[in-house]
Amino acid sequence: MIRLENVHKAFASGHAALGGVDLEVARGEVFGIIGRSGAGKSTLVRLLNGLERPSTGTVSIDGTNVSSLSGEGLRTLRRRVGMIFQNFGLLSSRTVFDNVALPLRIAGADKARIAERVPELLARVGLIDHGGKYPAQLSGGQKQRVGIARALATGPDILLCDEATSALDPETTRSILTLIADLNRELGLTIVLITHEMEVVRQVCDRVAVLHAGRVVETGSVAQVFLDPKAAETRAMLDEGSDHAAPIAFDGPIIRLTLRGDAILQPVLTRIARETGTDFAILDGRIGRFKDASFGQLTLGLTGGDTAAALAALRQHGEVSE
Amino acid sequence: MSDWFANVDWSEIAQASLDTLTMLGGSLLLTILLGLPLGVLLFLTSPGQVWQNRAVSGVLALAVNLLRSVPFIILLIVMIPLTVLLVGTSLGVAGAIPPLVVGAAPFFARLVESALREVDRNTIEAVQAMGATTRDLVFRALLPEALPGIIAAATVTAIALVSFTAMAGAVGAGGLGDLAIRFGYQRFQTDVMLVTVVLLLVLVQFLQMAGDRLVRHFTRR
Ligand SMILES: Nc1ncnc2c1ncn2[C@@H]1O[C@H](COP(=O)(O)OP(=O)(O)OP(=O)(O)O)[C@@H](O)[C@H]1O
Ligand SMILES: [Mg+2]
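Per an unreviewed UniProt entry, chain B carries the name D-methionine transport system permease protein and comes from Sphingomonas kyeonggiensis. Chain B has a UniProt comment under Sequence similarities (unreviewed entry) that states "Belongs to the binding-protein-dependent transport system permease family. CysTW subfamily." Its UniProt record gives chain B the following Subcellular location (unreviewed entry) comment, quoted word for word: "Cell membrane".

Per an unreviewed UniProt entry, the recorded name for chain A is Cell division ATP-binding protein FtsE, and the organism is Sphingomonas kyeonggiensis. In its Function (unreviewed entry) section, the UniProt record describing chain A reads: "Part of the ABC transporter FtsEX involved in cellular division. Important for assembly or stability of the septal ring." According to the UniProt record, the Sequence similarities (unreviewed entry) comment for chain A is "Belongs to the ABC transporter superfamily."

Here is the structure:
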């Protein structure tokens, strides 16, 4: 549905923010774009609704070349593509109701339509009683909910989120991400979500692209990228804030075991230990959930017994890498 | 009481006050009508904005800076032919208004431009991302968001205009400034000077208070 082909973007300053990006986002998926500050994430997402034009290459949505649009054509496209921002971008001089009504007014909706649609939207984001407040009277999470209601006003089929949760605390982040996931499911919205936090990707995205210095260094399903990262930049980002990268001194074979889905519920290790006489030292590990699957990943040290048999048994339950 | 203000002709004071208020009201209205679009244009054509255009923005900036760098008293004199062309005379209240507007509008436009710069970049982008035309952007987002700043700008401009009217008085426009100069300064009638200065102070004080109150009323941050 969204397709970028060999997209380059250099600014007037000569700075190349994007250096040849190819990307495809399917209808109805939550697509994450993760990268460090300055990687070009905002630049990339702004290409999708024509806030920015590529220097070379094409950006298309449902086969329409976005950069060939201007005037009314571009404005029509923008009504199909909602966008939310890190700093919300609400009008401080307008009430919550009027903020949400603004895209409708711009689209030429009449009073009756606005009076019907805005309460619907406010109810959807859980702010039905806050229509008369000004943004300054709301918490960050509530402001982002207004941003979401506003982005949905014209009934878009694509939602762009540029660091939509970066200004929020972890709990509020979770509730906003839940809302975004619900919208994806209920309305079939295609969502492009920009973030610098792996956690955000893990919670809501189906697929993810890792952007580094203006290039996509890795793309894949979240489980794939998260559990078996190929690019050094991805690994570095995953290891941030943890000591996963620290070398482990262990006298014996070290393996990494990855379990997915129901496999994490099975008492695998103790049974194999009993059967093969091999003992396991758990050197590192993480267990968690993706959008719709559980996973566990352990770094194990093997000692004693029949290690070859133990490895073979482990392979029946999950992926093993040395 | 009447001894202290022996030289003060109160009906003359009343007429002069009325002239000052007329000059101020007329020139402030026209200054806003001219300066507001000019300020919006300065903003929109500046780098990074929707109509960014180096040539237009450069020419506008030059014109604005030129008018702002000419001392008002000089402007009053060099504008006489144009003033006569526009309003038929260079004297009296009517004759004062064109130079007042030409002097104040560029100043006001700059203040409007900087008030617009205060509007959150994200907000402008969000409104563009909704599919807004530039007209929507200006009238539905930029002006409402910058309204407190624009009112503050109008207040500063109004107060500057009060002192401009006093100067205009010196070259035949009438008003309180004219009285202060003719009687207070040239004939040493200190009492007349005192009364006019107090009245001007009251006017300035009133403008500032009214402006502040409006700014507060429209501020939602
Ligand atoms: N309008 C612009 N003019 C010149 N350079 C720009 C412009 N916008 C962005 N850049 C540069 O392009 C690069 C990518 O910027 P971008 O905002 O896309 O990064 P980002 O990944 O969104 O970073 P962050 O996480 O900090 O938001 C940066 O080096 C930035 O300085
Ligand atoms: Mg960014």
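(A) Structural detail: the overall build of chain B. Looking only at helices and strands, chain B features 9 helices and 0 strands. Reading the secondary structure of chain B in the N-to-C direction produces α-α-α-α-α-α-α-α-α. The dimensions of chain B, computed from C-alpha atoms along their principal axes, are 70 × 40 × 25 Å. With 221 residues in all, chain B has 48% of them scored as buried. Counted over contacts in chain B with a minimum sequence separation of 6, partners at least 24 positions apart contribute 76%. Summed over its atoms, the accessible surface of chain B is roughly 11200 Å², and 69% of this surface lies on carbon and sulfur atoms.

(B) Representation of the pattern of salt bridges within the structure. Here the structure, examined in full by the defined rule, presents 26 salt bridges over all chains. One salt bridge in this structure joins B:Glu125 and A:Arg46, with 2.3 Å as the shortest N-O distance. In this pair, B:Glu125 is assigned in helix H6 (residues 121-129) and A:Arg46 in helix H1 (residues 41-48), connecting two distinct chains. With respect to class, B:Glu125 is no different from A:Arg46; both count as buried.

(C) Geometry of the packing of helix H5 (residues 140-152) of chain A against helix H6 (residues 170-187) of chain A. Residue and element names in this part refer to chain A. Running from amino to carboxyl end, H5 crosses H6 at an angle of 20°, the nearest separation of the two axes being 10 Å. When the axis of H5 is compared with that of H6, the two are roughly parallel. Crossing angle aside, the handedness with which H5 passes H6 is right-handed. Listed contacts from H6 to Gly141, Gln144, Arg145, Ile148 and Leu152 of H5 are Thr172, Ser175, Ile176, Leu179, Ile180, Leu183 and Leu187. Taken together, the residues of the contact of H5 with H6 sort by class into 7 nonpolar, 4 polar and 1 charged.

(D) Local environment of the UniProt feature "domain: ABC transporter" (unreviewed entry) in chain A. Within the UniProt annotation, "domain: ABC transporter" (unreviewed entry) is assigned to residues 2-238 of chain A. Annotated as 40% helix and 26% strand, the span residues 2-238 of chain A places its first and last C-alpha atoms 27 Å apart.

(E) Quick peek at the site of ligand 1. Residue and element names in this part refer to chain A. Residues in close proximity to ligand 1 total 13 residues, the closest being Ser37, Gly38, Lys41, Ser42 and Thr43. Residue Gly40 places a main-chain N or O atom 3.0 Å away from an oxygen atom belonging to ligand 1. At a separation of 2.7 Å, an oxygen atom of ligand 1 approaches a polar side-chain atom of Lys41. Relative to its free-state accessible area of 630 Å², ligand 1 is covered by the protein chains to the extent of 60%. Element by element, the count of residues in the shell around ligand 1 is highest for H1, at 3 residues. Taken together, the residues of the shell around ligand 1 sort by class into 3 nonpolar, 7 polar and 3 charged.

(F) How the structure looks around the confidence of the model for chain B. Counting all residues, the mean pLDDT for chain B is 91, and 99% of those residues have values of 70 or more. The ipTM value of the predicted complex is 0.88, and its pTM value is 0.88.

(G) Seen up close, the UniProt feature "transmembrane region" (unreviewed entry) in chain B. Residue and element names in this part refer to chain B. In the UniProt entry, the feature "transmembrane region" (unreviewed entry) is given for residues 20-44, 56-80, 86-109, 150-172 and 192-211. Along residues 20-44 the backbone is 100% helical and 0% strand, and the end-to-end C-alpha distance reaches 35 Å. End-to-end, the C-alpha atoms of residues 150-172 are 32 Å apart, and along that stretch the chain is 100% helix and 0% strand.

(H) Looking closely at the UniProt feature "domain: ABC transmembrane type-1" (unreviewed entry) in chain B. When the UniProt feature table is mapped onto this chain numbering, "domain: ABC transmembrane type-1" (unreviewed entry) sits at residues 17-211 of chain B. In residues 17-211 of chain B, helix accounts for 85% and strand for 0%; the two terminal C-alpha atoms are 20 Å from one another.

(I) Structural context of the packing of aromatic side chains. For the structure on display, the rule yields 4 aromatic pairs over all chains. Both rings, one in A:Phe226 and one in A:Phe290, keep their centres 5.4 Å apart while their planes meet at 85°; by these two values the pair is edge-to-face. With A:Phe226 in helix H8 (residues 222-227) and A:Phe290 in the loop between strand E12 (279-289) and strand E13 (294-303), the pair connects residues that are 64 residues apart, well separated along the chain. Accessibility classification places A:Phe226 together with A:Phe290 in one group, the buried group. Ring geometry for B:Phe72 against B:Phe164: centres 4.3 Å apart, planes inclined by 5°, an arrangement best described as stacked.

(J) Broad picture of the pairing of strand E4 (residues 56-61) of chain A. Residue and element names in this part refer to chain A. Summarising the sheet, strand E1 (residues 2-10) and E4 pair through 5 bridges and their orientation is antiparallel. In the sheet register, Leu4 faces E4, and the bridge partner there is Val59. One ladder, built from 2 bridges, connects E4 with strand E5 (residues 64-65); its direction is antiparallel. When the sheet's bridge partners are listed, Ile61 is paired in E5 with Thr64. Hairpin connection of E4 to E5: 2 residues between the antiparallel strands, including Asp62 at a positive phi of 50°.

(K) Geometry of the side chain of A:Thr43. Mapped onto the secondary structure, A:Thr43 falls in helix H1. If we ignore the near neighbours within four places in the chain, the residues touching A:Thr43 are A:Lys9, A:Phe11, A:Ala17 and A:Leu18.

Definitions and limits used
Residues numbered from 1 in each chain as written. Chains lettered and ligands numbered in written order. Predicted model: local features only at pLDDT ≥ 70, side-chain atom pairs only at ≥ 80, totals over all residues. Heavy atoms only, no water. UniProt positions renumbered as here; feature names shortened; annotations may be inferred. Helix = DSSP H or I, 4+ residues; strand = E, 2+ residues; numbered from the N terminus. Buried < 20%, exposed > 50% of the residue type's maximum accessible area, 1.4 Å probe, protein only. Contact = heavy atoms within 4.5 Å. Areas by Shrake-Rupley, 256 points an atom, 1.4 Å probe, with all protein chains shown as cover. Salt bridge = Lys/Arg side-chain N within 4 Å of Asp/Glu carboxyl O. Axes fitted to C-alpha atoms, helices over the stretch in contact; angles between N-to-C directions. Parallel < 35°, antiparallel > 145°, perpendicular 65-115°, else oblique. Left-handed = near helix turned anticlockwise from the far one by under 90°. Nonpolar A, V, L, I, M, F, W, Y, C, P; charged D, E, K, R; others polar. Near = heavy atom within 4 Å. Polar contact = N/O pair within 3.5 Å; in protein donor to acceptor, adjacent residues only side chain to side chain. pLDDT = per-residue confidence, 0-100. Phe/Tyr/Trp six-rings, centres within 6.5 Å; stacked < 30°, edge-to-face > 60°. Pairing = 2+ DSSP bridges.

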